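# Structure at a glance
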Amino acid sequence: MLSILRSLVQEVNSARDLKEALEIIVSRVQKAMTTEVCSVYLLDPASNRYILMATEGLYKDSVGKVSLAYSEGLVGLVGSREEPINLEDAPSHPRYRYFPETGEERFRSFLGVPIIHHRRVLGVLVVQQRESSRCFDEGEEAFLVTVSAQLAGVIAHSEATGAISGLSLTGEETKDISFNGVPGAPGVAIGTGMVVYPSADLDVVPEKPTDNIEGELELFQSAVQAVREDIERVANRLASQLRPEEQALFDVYLRMLDDEALPGEVAIKIREGIWAQGALKQVVQQYIRHFEMMDDHYLQERVVDIRDLGRRLLSHMQEGEQKHQEYPERTVLVSEELTPAMLGEVPKGQLVGLVSVKGSSNSHVAILARAMGVPTVMGLVDIPVNQLDGRELVVDGFEGQIFASPSADLRAFYQAICEEEAELFRGLEVLKDKPCETTDGHRVSLLVNTGLMTDVVRSLSHGAEGIGLYRTEVPFMIKDRFPSEQEQREYYREQLEAFAPNPVTMRTLDIGGDKSLTYFPIEEENPFLGWRGIRVTLDHPEIFLVQVRAMLKASEGLNNLQIMLPMISNISEVEESLHLIYRVYHEVREEGYDIHMPKVGVMVEVPAAVYQIRELAERVDFLSVGSNDLTQYLLAVDRNNPRVAQLYHSYHPAVLQALVRIAQDARSVGKPVGICGELAGDPGGAVLLMAMGYDSLSMNAASLPKVKSVIRSIDREWAIQLLEDVLLLDSPHVIKSCVDLALRNAGFGRYLRPGRSSGAAMAEQAVS
Ligand code: PEP
Ligand code: MG
């Protein structure tokens, strides 16, 4: 069964479109189960009806014509019950519905299983049999359920591909189709999609037509020539060390590059009007499919060689392409997995929005996007990325939705939101130099989180009182090697100078988890529970020492440096780090630098630290809560995984209780405590944190004016009462609604995200 499944999934994955995918499914399943009928019905969101999309065994003419209302017939029953229904004599069932155009009356036994993807019923997969005596057995039921579970993702993806082209399931034209992901950074952007992808990865090469056929042919031929020369060079170099049969492998490669082999087929596709990279991808994938289907193990293994050859050819072509990459005037960057480096490639002023298939709202790239104020949608798992290149896109970062090729009405709707947001910010500019204090005089420090120099510029113009978290890994991530001590010193000096004499809190390198350095890869099964933050740098004191040395030297004459340690889960990590910091401090002074010992603090972002606040506080000068990680670790929800994004909730009662406890314990030993997770930048979150007693709130620059405006308009007692009320509640959603309602009643409705339905309702209206 497993091998049938594997080859079925492979075939379906490589189908050109939804229609072909469904035809493959029905014909293969019918054969594998030796049943007379196999059909797929898909639920059309536009009409809310199940449409017969493909069949083997019923009359083919009925495909696309027969449809059932949402709760009609046995198909509707399977869909609404969301479980398999297995009947020996279907026509005697009260829900049986007869369609003469399918020829169905000849079939008696019925087995239907729902096709469900991310809790959404996409359709129903049905097998039928003529004899009433043949009830489908348990094994067959299990097989069909497995097929359906495996194929749901592929079907969702193909459906989305059709939708992008503006087609409904029935092939009718549709408008303003939205795709739902997870909000990454708030705001709305309208721009042109630009798909970026990691280089030399054939799977992510987008589909694009070309009218420069000669140019593409030339590009491809020169790549073939370059790869051929590479292989010959390697073969010659290794000739004396290899046996003849091993050397023959190089001949296999070279033969695959003969004009009449792979290059000939790619050239045909380019002449059909496909750009060279896309043509190469198609041919290589065809070869791979072909070899994978073979029974001969040796030939199956050749897939590795073909893939490698494809990668080499692609890499040569991309080298040429990268030199003249042109970004649209208003670029919406789209990628399978966005990286900070990709953001950095877009020319200044042209990046308006971001879309990522992988990642979630607390992935680091989303945090960076928030800091840069670029509307972002993450976790668009089913989106056909390659189809978004060059399309007009609306990115709704409030709702976590994107729209492809919007209608004029929808565009106007979102344009108005963009203007409202801009106006809101203009209105808040007057608060820039005002203190952040409540109407009854309670003062809170509003600090910023930074990573790039551009953040600093924005932060100053928003009235930040210092830096609560400088993510030093950001400058490390956009380089292709570890920055030298001198380079680091320059980055750090910029940040320290910009805010002097106000404090600048620099966190030591926090890599691991979803933050990787291309030049220091960390491959782990459970990266968030693995080698992260302080664990890495204590294992590599040479990295830690150079970094601290650069920080201390950069602080000379400014005296506003604070050092913060990430991912602390043991007291010994603090002690070891302090020992290294003192060592560097004395060495740097001995070198003649006139520096002061910086304040040192720890981040509270691991549950273990919550229970050792006093022990930690005794050893350091301050504490700062990393609520992003604390939430993920307390709730056991990977902050980077869109599948569980709806479970990641910073208003979860357990998170709030932990935050209360940290603030109380820190105060009981007289140490300042701040917070630098994203919750601090959420107006409602900021109110609760202030009520808990946090001394400073550090957030992205874009959130700062809103938070200041709310805090300046309320009194502390009101906030404490709200906190007491919500601490009695047991559901994160109810707590969030309760806080939103309080803010709305206090006149801050305009700071809350528009209702979930706004964009979607507008889209529906526009369609109808
Ligand atoms: C946090 O975990 O809340 C935090 C501020 O650090 P980062 O988001 O960089 O992990
Ligand atoms: Mg963290």
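Residues numbered from 1 in each chain as written. Chains lettered and ligands numbered in written order. Predicted model: local features only at pLDDT ≥ 70, side-chain atom pairs only at ≥ 80, totals over all residues. Heavy atoms only, no water.

Per an unreviewed UniProt entry, the protein chain is named phosphoenolpyruvate--protein phosphotransferase, and its organism is Marinobacter excellens HL-55. A UniProt comment under Cofactor (unreviewed entry) is attached to the protein chain, and it reads "Mg(2+)". Per its UniProt entry, the protein chain bears the Sequence similarities (unreviewed entry) comment "Belongs to the PEP-utilizing enzyme family." (UniProt positions renumbered as here; feature names shortened; annotations may be inferred.)

## What to know about the overall build of the protein chain
Summing up its helical and strand segments, the protein chain has 27 helices and 22 strands in all. Taking 27 Å as the expected radius of gyration for a compact globule of 768 residues, we find that the protein chain reaches 30 Å, a close match to that expectation. Expressed along its principal axes, the backbone C-alpha trace of the protein chain runs to roughly 85 × 75 × 50 Å. Per-residue burial over the protein chain gives 55% buried out of 768 residues. Restricting the contact set of the protein chain to residue pairs at least 6 apart, pairs at least 24 apart contribute 65%. (Helix = DSSP H or I, 4+ residues; strand = E, 2+ residues; numbered from the N terminus. Rg over C-alpha atoms; globule rule 2.2 N^0.38 Å. Buried < 20%, exposed > 50% of the residue type's maximum accessible area, 1.4 Å probe, protein only. Contact = heavy atoms within 4.5 Å.)

## Observations concerning the sheet that holds strand E18 (residues 561–565)
If you walk around this closed barrel you meet the 8 strands as E15-E16-E17-E18-E19-E20-E21-E22, and the pairing is parallel. Sheet twist, expressed as the average angle between the axes of neighbouring strands with direction ignored, equals 25 degrees. The pairing of strand E21 (residues 673–675) with strand E22 (residues 696–699) spans 2 bridges and is parallel. Residue pairing in the sheet places glycine 674 in a bridge with serine 696 of E22. (Pairing = 2+ DSSP bridges. Axes fitted to C-alpha atoms, helices over the stretch in contact; angles between N-to-C directions.)

## Concerning the domain arrangement of the protein chain
Taken domain by domain, the protein chain comprises domain 1 (2–164), domain 2 (177–197 + 336–423), domain 3 (202–320) and domain 4 (440–711 + 714–747). Look at where the C-alpha atoms of domain 3 and domain 4 centre, and you get two points 48 Å apart. (Domains from an automatic or database assignment.)

## A look at the nonpolar core
Leu623, Leu659, Met692, Tyr694 and Leu697 are the most contacted members of the largest nonpolar core, which has 103 residues in total. Excluding residues that lie within four positions of it along the chain, leucine 659 makes contacts with Val625, Leu630, Ile675, Leu679, Leu689, Met692 and Tyr694. With 55 residues, the next largest nonpolar core counts Leu254, Leu262, Val377 and Val395 among its residues. (Core = buried A, V, L, I, M, F, W, Y, C linked by side-chain atoms within 4.5 Å.)

## Brief notes about helix H7 (residues 262–271)
Three or more residues of H7 are buried, namely Leu262, Pro263, Val266, Ala267, Lys269 and Ile270. Seen from one end, H7 has its buried residues packed into an arc of 160 degrees, which puts them on one side. Within H7, the exposed residues directed more than 90 degrees away from the buried face are Ile268 and Arg271. Taken from the residues just after H7, glycine 273 is the one with a positive phi, measuring 110 degrees. (Arc of directions from axis to C-beta.)

## Some details on the environment of serine 577
Looking at the secondary structure, you find serine 577 in helix H18 (residues 571–590). The exposure class of serine 577 is buried, given its relative accessible area of 0%. Taking C-alpha positions, serine 577 is 9.6 Å from leucine 545, a pair spaced 32 residues apart along the chain.

## As for the site of ligand 1
Close to ligand 1 lie 17 residues, the nearest being Arg471, Arg507, Gly626, Asn628 and Arg639. Between an oxygen atom of ligand 1 and a side-chain N or O atom of histidine 364, the distance comes to 3.0 Å. One of the side-chain nitrogen or oxygen atoms of arginine 471 is found 2.8 Å away from an oxygen atom of ligand 1. Coverage of ligand 1 by the protein amounts to 100% of the 290 Å² it exposes when considered alone. Elements supplying a minimum of two residues to the shell around ligand 1: helix H11 (364–372), strand E16 (467–471) and helix H21 (627–635). Top element by residues in the shell around ligand 1 is H21. It accounts for 3 residues. Across the shell around ligand 1, the residue classes break down as 4 nonpolar, 5 polar and 8 charged. (Near = heavy atom within 4 Å. Polar contact = N/O pair within 3.5 Å; in protein donor to acceptor, adjacent residues only side chain to side chain. Areas by Shrake-Rupley, 256 points an atom, 1.4 Å probe, with all protein chains shown as cover. Nonpolar A, V, L, I, M, F, W, Y, C, P; charged D, E, K, R; others polar.)

## Remarks on the packing of helix H1 (residues 2–13) against helix H2 (residues 18–32)
Put simply, H1 and H2 touch, their axes get as near as 9 Å, and they point 160 degrees apart. For the element pair H1 / H2, the angle class is roughly antiparallel. By crossing handedness, the relation of H1 to H2 is classed as right-handed. On H2, the residues that touch Ile4, Leu8, Glu11 and Val12 of H1 are Ala21, Ile24, Ile25, Arg28, Val29 and Ala32. Taken together, the residues of the contact of H1 with H2 break down into 8 nonpolar, no polar and 2 charged. (Parallel < 35°, antiparallel > 145°, perpendicular 65-115°, else oblique. Left-handed = near helix turned anticlockwise from the far one by under 90°.)

## A look at the coordination of the magnesium ion (ligand 2)
Within the protein, the magnesium ion (ligand 2) binds to Glu605 (OE) and Asp629 (OD); these donor distances fall in the range 2.0 to 2.2 Å. Here the residue glutamate 605 occupies a position in the loop between strand E19 (599–604) and helix H19 (607–610), and aspartate 629 occupies one in helix H21, the gap between them amounting to 24 residues. Assigned by exposure class, glutamate 605 and aspartate 629 land together as buried. (Donors = N, O, S within 2.8 Å, 3.2 Å for Na, K, Ca; no water.)

## Observations concerning unusual backbone geometry
In this model, alanine 500 is joined to proline 501 through a cis peptide bond whose omega is 5 degrees. Along the polypeptide, proline 501 turns up in the loop between helix H15 (485–499) and strand E17 (504–507). With a phi close to 70 degrees, arginine 119 is a non-glycine residue in the positive phi region. Within the fold, arginine 119 resides in the loop between strand E5 (109–117) and strand E6 (120–129). For alanine 636, which is not glycine, the phi torsion reads 55 degrees and is therefore positive. One can find alanine 636 in the loop between H21 and helix H22 (653–668). Look at alanine 636 and you get exposed, because its relative accessible area is 69%.

## A word on the pattern of salt bridges
If you walk through the whole model with that rule in mind, you get 33 salt bridges. Note that aspartate 89 and arginine 108 form a salt bridge whose closest N and O atoms lie 3.0 Å from each other. One end of the pair, aspartate 89, is in the loop between strand E4 (85–87) and E5; the other, arginine 108, is in the loop between E4 and E5, and 19 residues separate them in sequence. By relative accessible area, which is 31% here, arginine 108 ends up partly exposed. Connected through shared salt-bridge partners, Glu473, Arg507, Asp510, Lys515, Arg532, Asp629 and Arg639 make up one network. (Salt bridge = Lys/Arg side-chain N within 4 Å of Asp/Glu carboxyl O.)

## A few points about the packing of aromatic side chains
This structure, assessed with the given rule, holds 8 aromatic pairs. Summarising the aromatic geometry, the rings of tyrosine 470 and tyrosine 492 are spaced 6.0 Å apart at their centres and angled 80 degrees between planes, so their arrangement reads as edge-to-face. In this pair, tyrosine 470 is assigned in strand E16 and tyrosine 492 in helix H15, connecting sequence segments 22 residues apart. There is no split in this pair, since tyrosine 470 and tyrosine 492 are both buried. Measuring from ring centre to ring centre gives 6.0 Å for phenylalanine 520 and tryptophan 531, while their planes differ by 35 degrees; the resulting arrangement is tilted. With a gap of 11 residues between them, phenylalanine 520 in the loop between E17 and helix H16 (534–539) and tryptophan 531 in the loop between E17 and H16 connect regions that are remote in the sequence. When its relative accessible area of 24% is taken as the criterion, tryptophan 531 is described as partly exposed. Here the aromatic cluster, defined as three or more aromatic residues joined through ring pairs, consists of Phe476, Phe482, Tyr519, Phe520 and Trp531. Here lysine 208 stacks its cationic end above the ring of tryptophan 275, 4.4 Å away from the centre of that ring. (Phe/Tyr/Trp six-rings, centres within 6.5 Å; stacked < 30°, edge-to-face > 60°. Lys NZ or Arg CZ within 6 Å of the ring centre and 35° of its normal.)

## A closer look at the sheet that holds strand E12 (residues 376–378)
Strand order across the open sheet formed by 8 strands is E7-E14-E13-E9-E10-E11-E12-E8, with mixed pairing between neighbours. Only two strands of the sheet have a single neighbouring strand rather than two, namely strand E7 (178–180) and strand E8 (182–185). Shown here is a sheet whose adjacent strand axes are inclined to one another by a mean of 30 degrees, direction ignored. Bridging between E7 and strand E14 (residues 401–404) involves 3 bridges; their strand directions are antiparallel. Bridge assignment links serine 178 to a residue of E14, and that residue is phenylalanine 403.

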